[in-house]
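One letter stands for each residue in the lines below.
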Amino acid sequence: VRRHRSFIAAACVLTAMLAVTACGSDAEATSRPDAVRDAVDRVVAPAYRRAVATTRRAAAAGAAACTGDAPLTDAAAAIADGYRAWLALDPIDFGPATTERAKSQLVYPPDPERVGKLLAAGGPEDAHAVNTRTASDARGFGAATALLADGTDRPARCRYLTAVLQNNRDVSDAIGDAWFRAEPPYVDRAAGRGPKQLSTQAALDMLINMSLNALGADATQLVAARLNEEDASGTVLATRAHLDTIAALWGTSPDTGLRRLTNDDLGRRFAAELRAAQRAGDDPKELGQAINAVRATLGTEVVSALDIVVGFSDNDGDS
Amino acid sequence: VTTTATADRPVVRGRPTGLRTRAATPVDAASTAVFRMALGAVVAGAMVRYLASGWVTALLTAPAFHVTYPGFAWVRPLPGGWMHAVVIVVALAGLAVAVGWRTRWSAAVALVGFLWIELVDAATYLNHYELVTLMLAWAVLLPLGTAWSLDARRAGRRAPEPRMRTPPRTVPSGTVWVLRAQLGVVYLFAGIAKLDPDWLLHGEPLGHWFAARTHVPMIGPLLGLPGAPLAASWAGALFDLTIVGFLLYRRTRPAAFAAVVAFHAVTGYLFPRIGIFPLAMVLLTPVFFSPAWPRRLARAIGTGAASPVDEDTRGVAPTTASRRIPRATVVLIAIVAVVQLALPVRHWVLGGDVAWDDYHSRWSWRVLVNERIGIASLDIVDPRTDDHTTVLPEAILPAHQARYVSSRPEALRQLAHHVADGVEDRTGRRPHVFVTAWVSINGSRRHEIVDHRVDLGVAPPAWTPRAWVRPPP
C-alpha cells in the first residue's frame, strides 16, 4: 500500500469525481438540447410550414388572377405574403432549404430590367424552364412581384407569372416534404429526436451562423442603399423579416428561446436591441445602426455564451 | 572525478562536479529514443491530418490574404501543388525522425518545413505547433538517434572491430534535462498565464465553456455544478504550476503522470478544437521518467528482446566519464533558455494588455487561457468621390481567418492594408479604410477594440499597441 499510495490517491480522486458526476443534477444537462428543440418546434418548424402554405396560396392566387377568377390585388397580396415568409427563413436557412437552393430559386433579389427583357422575349414556357434555365434574379417571388407591376401584354405575363409561381410551389413543396414528411423528417433531426439527429451544437451553430449571415447582408445592403441613394424598400423588407425570426428564436422572456442559455443581463440587453431594431424606422441609416448593434452583440457575446463556431470552419482552433 | 552511470541517474563519487561535467554524464538513451519516436509520430500525424482535412489548400494556398508575423511577412506559401509537397516531405521527415534514419538531418528538414507551414499565416497559430517546432530544433542539436534507431544500427555495422559493433546506448544526461526543461517551460508559463483575475476570481472563460458543455456524456453534469468553473480554474492553474515538480520527484512521478494523462484527456475531450496538443503532451511527458524506463517496461511486459540493444537488461554499463559539455554548447543553451524565459512574459516590459490587444500572446504558452470573439466591418471610402463601400471580413476571407482577424487589432490593420492595396491596384487611388470592430473577452460585454476614425489602410506596422488601439474596458 505504501509503495503505491500515489496511485491509490489518484484513484480515490477519480472515484470521487465520478461519484459527484453520478449524483449531480441533470437539470442543467438537458437545458441546451431542450432550448434547441424548443427553438425548432416553436419557431423554425412553424416558419417553414407557413412558408410552404403561403407559397401554395400565392400559386393558386396567381393562377386565379390569370384566368380572371380573382383580382390581381389578391395575387399581389398572396405573393407578398409568400415573399415575406421565405425572407423570414434566411436566419434559419439550413437543411433541405439549402439542398433545394431555396435562396436562389425563391428569394433572390430581382432585376426588373432582366424580367422585362425576358417577358418581352415571351418568358419561360413552364416551371421546369424557370427552375433550370432562368437566372436567379428573374425568378422567385421577386420576379413575380416585378411581373405584377408590369402592365404589358397579359397572356405572356400570365404564362411567365404562372411558371414562376408553379416553380416556387414545386421547390417549396420539396422543402416542406423533406422537413415534415420524409423518413426521418428533418424537423425531428434538427430537434434532436430519432435517427440521424443533428447534434445540439450543430443545430445551434447553424441557427446563429445563418442569423449572422442574414444580418451581415442586411447591414452592407443598408449602407449601400443609404450612400448610393438606392431604393432600400427590398432590403428593409428583408431586414424586418430577419429581425422577426431572430427575435422569435431569442425568446420573449428569460425562460424561453435561446435566451435561456445565457445570463439575464445578456438576455435582457440583446432582447432590447432586437426590439429597438424592430421599432426603427425605414430610414436606411436608422435601421442600419440598429442592425449593427444587434449584429455586434450576436457576433460577440451571444456567440461566446453559446460557444458557437463562427463560420462552421472545422480546422483546429485558437489555443 | 569518477562518474558512474546507472539505469536511473548518474552516481557521482568524489568531490562535487560542475554542471558541465554532470550534464555530460552518460545515461540510458532509451527514454530519449522513445521521445524521438513520439515526436516523429506527432509530426507525421499532424501532417497527415493536414493533408486528409484539406487544410493545405484551405489554410495555406487558397487564401489570397495571410496574417503575417512581425518580421516574417516574406514567408509565403508555394504556388500550385508545391505546398502539398512540402507537407508530404515534412510527414516523411517526421517518420524518418521516428525510426531514427539520419535523425539530425531528418529533424532539420522537418523543422524547416514545419516552421514554414507555421509562419505562412498567424491565423493558424497553435501552441502545439510552437512546441513541435522547438522539439524538432532540439532533435537537430541533441543526440536523439543514439539508440533504437536506424542510425545506431548503421553505425554498428560500420564499426571496424566487432567489439565496437554494439550500438551506443547512452546519451549525456544534459540531453534528457534539456527535453524536460522544454516541456517544463510549457507548463510553467501556461500556469503563469492563468494567474489572472478573470481566471482565478471569476472562473472565466471556463465558466461559459462549461455551461455550453453540461450535456456531454459522463462529465457534463459535473461541469454544471455550482463552483465547478472556479474549482477547475484553480485546479488547472495549480496543475500547470506544480506538475513539473511532481514529475521530477521520483515518489510522486507515477501519480503526476497519471494526472497529466487525465488532465490532457479531459482537455482534449472537452475542447477538441485544440487539435493534437493533448496527445503531444502525453506522448512527450514520459521523458520525465528514469532514462531507462522503456527498457524496464519492455522487460516487465516480457518483450525485452524486441530491443536490438536490450540484451543487457540491467541498463547501461558503468562508464568512467571525464568529458565535459563544451562551453559553446552551454552558452547556446543558456541563450535559448533566456529567450524562452523572456518571450512569454514580454508583455510585462513592452506594455499593452495581452488579453485585450493580443499583441504579445503568440509564443507565450497562453493555452486556452482566454477567449476572444470579435465582429468587424470595414468602411472603404474613395478619397476623391467620397463613395463608401462596406466590406465584412467573413465576405472576403475564409472562416478561420475572418474569426481570427475580427478580434485582433494588428490583424485588422493588415487586412485594411490588403483591402486598400487591392482597391489602389484597380483604381489607382488608395482609399481610406475605417474599421469598426467589437470584441468580447471571456464572454464579457462587447467593446470597440480599434478607433473607427483612424484610417488603418495607412497605419504602419508596430510591435506594440498604438494609439488607434482602444484601451481595455
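Our structure's up above, just so we're on the same page.
My aim in this report is to walk through the structure given alongside it, one point at a time. (Residues numbered from 1 in each chain as written. Chains lettered and ligands numbered in written order. Predicted model: local features only at pLDDT ≥ 70, side-chain atom pairs only at ≥ 80, totals over all residues. Heavy atoms only, no water.)

## Some thoughts on the overall build of chain B
A count of helices and strands for chain B gives 21 helices and eight strands. At 25 Å, chain B has a C-alpha radius of gyration in line with the 23 Å of a compact globule built from 473 residues. In chain B, which comprises 473 residues, the share counted as buried stands at 54%. Taking the intrachain contacts of chain B between residues at least 6 apart in sequence as the baseline, contacts between residues at least 24 apart amount to 70%. Surface exposure of chain B reaches about 20800 Å², of which carbon and sulfur atoms provide 66%. Within chain B, one finds 47 positive and 30 negative side-chain charges whose respective centroids are separated by 16 Å. (Helix = DSSP H or I, 4+ residues; strand = E, 2+ residues; numbered from the N terminus. Rg over C-alpha atoms; globule rule 2.2 N^0.38 Å. Buried < 20%, exposed > 50% of the residue type's maximum accessible area, 1.4 Å probe, protein only. Contact = heavy atoms within 4.5 Å. Areas by Shrake-Rupley, 256 points an atom, 1.4 Å probe, with all protein chains shown as cover. Lys, Arg positive; Asp, Glu negative; His and termini not counted. Charge placed at Lys NZ, Arg CZ, Asp CG, Glu CD.)

## Section: helix α2 (residues 31–66) of chain A
Counting along an α-helix, one turn takes 3.6 residues, and residues three or four places apart therefore face a common direction. Residues and elements named next belong to chain A. With 36 residues, α2 extends 51 Å from end C-alpha to end C-alpha; this agrees with the ideal 52 Å at 1.5 Å per step. Its axis deflected by about 35° at valine 40, α2 carries its strongest bend there. At the exit of α2 stands glycine 68, carrying a positive phi of roughly 85°. (Expected span 1.5 Å × (residues − 1). Bend = angle between axes of the 7 residues up to and from the residue.)

## Notes on helix α12 (residues 228–248) of chain B
All names here are of chain B. The terminal C-alpha atoms of α12, which comprises 21 residues, lie 29 Å apart, in line with the 30 Å expected from a rise of 1.5 Å per residue. Along α12, the largest kink reaches about 50° and is centred on threonine 242. Taken together, the buried positions of α12 are Ala228, Pro229, Ser233, Gly236, Ala237, Phe239, Asp240, Ile243, Val244 and Leu247. Its buried side turned inward, α12 meets α8 (173–193), α9 (197–200), α10 (206–211), α11 (220–223) and α13 (253–270).

## Remarks on the pattern of salt bridges
All told, the structure shown has 28 salt bridges over all chains when counted by the stated rule. Between A:Glu125 and A:Arg133 there is a salt bridge whose closest N-O contact spans 2.8 Å. A relative accessible area of 49% places A:Glu125 in the partly exposed class. The partner of A:Arg295 in a salt bridge is B:Glu394, with the nearest N and O atoms 3.1 Å apart. Highlighted residues: A:Arg295 in helix α14 (residues 284–306) and B:Glu394 in helix α19 (residues 393–396), drawn from two different chains. Residue A:Arg295 is classed as buried on the basis of its relative accessible area, which comes to 4%. Classification of B:Glu394 as partly exposed rests on a relative accessible area of 36%. Within this structure, A:Asp38, A:Arg42 and A:Arg260 form a network of salt bridges that share partners. (Salt bridge = Lys/Arg side-chain N within 4 Å of Asp/Glu carboxyl O.)

## Description of the nonpolar core
Nonpolar side chains in soluble globular proteins tend to be buried together. Grouped together as the largest cluster of nonpolar side chains are 121 residues, with contacts concentrated most on B:Tyr50, B:Ile117, B:Met135, B:Leu183 and B:Val435. Among all residues touching B:Ile117, those that are not within four sequence positions of it are B:Met47, B:Tyr50, B:Leu60, B:Met83, B:Val86, B:Val87 and B:Val90. (Core = buried A, V, L, I, M, F, W, Y, C linked by side-chain atoms within 4.5 Å.)

## Concerning the interface of chain B and chain A
Between chain B and chain A, the contact holds 52 residues from the first and 42 residues from the second. Between chain B and chain A, roughly 4000 Å² of surface is buried when both sides are summed, and carbon and sulfur atoms account for 57% of that area. Among the residues of chain B in contact with chain A, B:Arg273, B:Ile375 and B:Arg446 are the three that bury the most area, contributing 16% of the side total. The tally of links from chain B across to chain A stands at three salt bridges. When the shortest N-O distance is used, the salt bridge between A:Glu273 and B:Arg446 registers 3.0 Å. Put simply, chain B and chain A have twelve residue pairs in polar contact (both at pLDDT 80 or more) between them. Its residues placed into classes, the side of chain B that touches chain A shows 24 nonpolar, 16 polar and twelve charged. (Buried area = accessible area lost by both parts, 1.4 Å probe. Polar contact = N/O pair within 3.5 Å; in protein donor to acceptor, adjacent residues only side chain to side chain. Nonpolar A, V, L, I, M, F, W, Y, C, P; charged D, E, K, R; others polar.)

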